[in-house]
Number of protein chains: 2
Amino acid sequence: MEIITSNQNSRVKLWTSLQTAKGRQQSGSYLLDGWHLVQEALNQAAPIQAVIATEAQMDEHLADVPQGVPAFQVTDEVARHIAKTNNPQGIFAQTSLPNNSFDSKYVHAGQWLLLDRIQDPGNVGTLVRTADAAGFTGVALSVGSADPFGPKVVRAMQGSQFHLKVIKDVDLATWIDDLEENNYDVYGTTLSDTSVDYKTVVPEKSFALILGNEGQGLDPELLAKTSANLHINFLGKAESLNVAVAGGILMFALN
Amino acid sequence: MEIITSNQNSRVKLWTSLQTAKGRQQSGSYLLDGWHLVQEALNQAAPIQAVIATEAQMDEHLADVPQGVPAFQVTDEVARHIAKTNNPQGIFAQTSLPNNSFDSKYVHAGQWLLLDRIQDPGNVGTLVRTADAAGFTGVALSVGSADPFGPKVVRAMQGSQFHLKVIKDVDLATWIDDLEENNYDVYGTTLSDTSVDYKTVVPEKSFALILGNEGQGLDPELLAKTSANLHINFLGKAESLNVAVAGGILMFALN
């Protein structure tokens, strides 16, 4: 097995480039940091270009890495350089970005979460993880949302991207039209109590739920296109909920 | 109005000390950063030792600060020093910590959220904000939880600490005993499907909900003392939910 000791190594340069959107796009891949995520990628038979680990991590986990998956041992210093953190666990995988050519015309079943410009990476990752737990089929993110394959989102997804579809840079207006054409109920969300209390809704067919930007909420042009718009009634004095919490309440109540 | 231009000013030293637990304890106060929080403190008549603002912020907001609240103008440089961030809005308030001498023996009504060693400040703050939205009466945090008056928690609470009680450093075993003595249902939470599906529970009296540490969950000794323990059924493959999302789902379903 190749042992890499220099941050100037061309593979190391590739792996560090995965911290950036440009690097991920150029290589068509992103980085998994930590055994929990690497193991989940292996369990789900995700396409893996490389497993990268320090000597200690290689000793612990190499037996679980299938033959044919390229493995590279790195020094602790190189591991810190790849992770861009001071105390990485010391095991990574480079894995392929999912195929993003996905046409909403062909979505005929399963629940979908649509995200309109959700910008905080922790919120996006937590929402994908929550959609997975709630049994959703996929999450589609508009242009202007956090990149779901950036390091902070990947950490927060905790491997859920291997359990459901994660599609980025979609045009939500087109998605709403296509889903409604395919007999979906599409639910927007608002803070206004002139919309429908989510507790009164029992979906009788496939549905999509749209959540909006942390500060501005959902685009009014999208709200005008939905089948119905929902709100959560507050008993207390808080003005709003964190979008990931609101998404969790709605997804678990509706599905 | 006093204009403060030096980071060495003794008041500035006090305000910067509020970034630390020790500084907050010594002064019995904590810091609100940004007009949204300062305004909410004023609206709720919280005891305010000082409003601190740059010239631009003072021009915008001084008219909304009641007579008798000490106001101090600071330079942009001093504002950055107090905030410990590069781009603060430039308006702050020093406000009193709530009275923490609160005896669970006297809790006879209202829903309570109990937090067992929740460590991430964002989670603690989001949970307090969510408990407020769900109409809870208070949040009690065990020893070993994030300090609810540290800067990251205060940012995430978004002023909800002015709407409900926030009690820190409690002994949860005592709280459970006292609440059950006072005819409460106390619900623990687990990941185990041998506990009760939360969707089957309709509380018929006052209740408390306990959430556990992000990694380890709820202390088994506490789980053994509760009235019942609840779990959330997952339809998908995710192994767990973020604790703030789980708390939101449970609080809105139960209350």
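Residues numbered from 1 in each chain as written. Chains lettered and ligands numbered in written order. Predicted model: local features only at pLDDT ≥ 70, side-chain atom pairs only at ≥ 80, totals over all residues. Heavy atoms only, no water.

Caption draft 1: Quick look at the interface of chain B and chain A. Facing 32 residues of chain B, the contacting portion of chain A comprises 32 residues. Both faces combined, the contact of chain B with chain A buries some 2,400 Å², and carbon together with sulfur accounts for 58% of it. The largest contributions to the chain B side of the interface with chain A come from Arg129(B), Lys237(B) and Phe252(B), which together make up 23% of the buried area. Applying the counting criterion to the chain B and chain A interface returns zero salt bridges. Summed over the shared surface of chain B and chain A, the number is 16 residue pairs in polar contact (both at pLDDT 80 or more). Sorting the residues of the side of chain B that touches chain A by element identifies helix H3 (35-43), helix H6 (121-133) and helix H10 (243-254) of chain B as the ones contributing at least two each. Taken together, the residues of the side of chain B that touches chain A sort by class into twelve nonpolar, 14 polar and six charged. (Contact = heavy atoms within 4.5 Å. Buried area = accessible area lost by both parts, 1.4 Å probe. Salt bridge = Lys/Arg side-chain N within 4 Å of Asp/Glu carboxyl O. Polar contact = N/O pair within 3.5 Å; in protein donor to acceptor, adjacent residues only side chain to side chain. Helix = DSSP H or I, 4+ residues; strand = E, 2+ residues; numbered from the N terminus. Nonpolar A, V, L, I, M, F, W, Y, C, P; charged D, E, K, R; others polar.)

Caption draft 2: View of the pattern of salt bridges. Residues and elements named next belong to chain A. Here the structure, examined in full by the defined rule, presents twelve salt bridges over all chains. As a salt-bridge pair, aspartate 147 and lysine 168 come within 3.2 Å of each other at their nearest N and O atoms. Pair noted here: aspartate 147 is in the loop between strand S7 (138-142) and helix H7 (151-157) and lysine 168 is in strand S8 (residues 165-170), with a separation of 21 residues, a long-range link. Among the charged side chains, a salt-bridge network with shared partners connects Arg24, Asp147 and Lys168.

Caption draft 3: Molecular detail of the nonpolar core. Formed by 112 residues in total, the largest nonpolar core has its most connected members in Leu32(A), Leu113(A), Leu127(A), Leu32(B), Leu113(B) and Leu127(B). Not counting chain neighbours up to four residues away, the residues in contact with Leu127(B) comprise Leu113(B), Leu115(B), Ile118(B), Leu211(B), Val243(B), Ala244(B), Gly247(B) and Met251(B). (Core = buried A, V, L, I, M, F, W, Y, C linked by side-chain atoms within 4.5 Å. Buried < 20%, exposed > 50% of the residue type's maximum accessible area, 1.4 Å probe, protein only.)

Caption draft 4: Here's a closer look at the environment of Asn233(B). As for its placement among the helices and strands, Asn233(B) is situated in the loop between strand S12 (228-231) and H10. Within the structure, Asn233(B) has its side chain in polar contact with the side chain of His231(B) (distance 3.3 Å).

Caption draft 5: Region of the structure containing the sheet that holds strand S10 (residues 196-197) of chain B. All names here are of chain B. The strand order S8-S7-S6-S11-S9-S12-S10 describes an open sheet built from seven strands, whose pairing is parallel. One side of each edge strand has no neighbouring strand; the edge strands of this open sheet are strand S8 (165-170) and S10. Pairing of S10 with S12, which is carried by two bridges, proceeds in the parallel orientation. Bridge pairing in S12 links valine 196 to leucine 230. Across the sheet, helix H8 (residues 172-181) is in contact with strand S6 (112-116), strand S7 (138-142), S8, strand S9 (185-189) and strand S11 (207-212); its angle to S6 comes to roughly 155 degrees. (Pairing = 2+ DSSP bridges. Axes fitted to C-alpha atoms, helices over the stretch in contact; angles between N-to-C directions.)

Caption draft 6: Representation of the relation of the copies chain B and chain A. Screw-axis analysis of chain B against chain A gives a translation of 0.0 Å along the axis, an RMSD of 0.0 Å, and a rotation angle of 180 degrees. Look at the turn and shift together and you get a two-fold axis relating the two. The residues that chain B uses at the interface reappear at the interface of chain A in 100% of cases, marking a shared surface. (Least-squares fit on C-alpha atoms with pLDDT ≥ 70 in both.)

Caption draft 7: Main features of the sheet that holds S7(A). Residue and element names in this part refer to chain A. The parallel open sheet is built from seven strands, whose spatial order is S8-S7-S6-S11-S9-S12-S10. Looking at strand neighbours, the two that pair on one side only are S8 and strand S10 (196-197), the edges of this open sheet. Bridge analysis of S7 against S8 gives four bridges, and the strand direction is parallel. Along S8, the bridge assignment pairs glycine 138 with lysine 165. Relative to strand S6 (residues 112-116), helix H8 (residues 172-181) is tilted by about 155 degrees, and along the sheet it contacts S6, S7, S8, strand S9 (185-189) and strand S11 (207-212).

Caption draft 8: Spatial organisation of helix H6 (residues 121-133) of chain A. All names here are of chain A. Between its terminal C-alpha atoms H6 stretches 18 Å, which fits the 18 Å expected from 13 residues at 1.5 Å a residue. With respect to burial, H6 is a largely interior element, eleven of its 13 residues being buried. Within H6 the residues assigned to the buried category are Asn123, Val124, Gly125, Thr126, Leu127, Val128, Arg129, Thr130, Ala131, Asp132 and Ala133. At the N-terminal boundary of H6, the capping side chain belongs to aspartate 120, with an oxygen 3.0 Å from the backbone nitrogen of glycine 122. Positioned one or two residues after H6, glycine 135 has a phi angle of 85 degrees, which is positive. (Expected span 1.5 Å × (residues − 1).)

Caption draft 9: The packing of aromatic side chains, seen in detail. Residues and elements named next belong to chain B. Evaluated as defined, the whole model comprises 16 aromatic pairs over all chains. A ring pair is formed by tyrosine 187 and phenylalanine 207, whose centres lie 5.8 Å apart and whose planes are at 50 degrees; its orientation type is tilted. Linking tyrosine 187 in strand S9 with phenylalanine 207 in strand S11, this pair joins segments that are 20 residues apart in sequence. Overall, tyrosine 187 belongs to the buried group, its relative accessible area being 5%. (Phe/Tyr/Trp six-rings, centres within 6.5 Å; stacked < 30°, edge-to-face > 60°.)

Caption draft 10: Representation of the environment of Val65(B) in the model. Residues and elements named next belong to chain B. By secondary structure assignment, the location of valine 65 is in the loop between helix H4 (55-61) and strand S4 (71-74). Note on valine 65: relative accessible area 11%, which makes it buried. Separated by 158 residues in sequence, valine 65 and leucine 223 place their C-alpha atoms 47 Å apart. Contact partners of valine 65, with chain neighbours within four places excluded, come to Leu42 and Val51.

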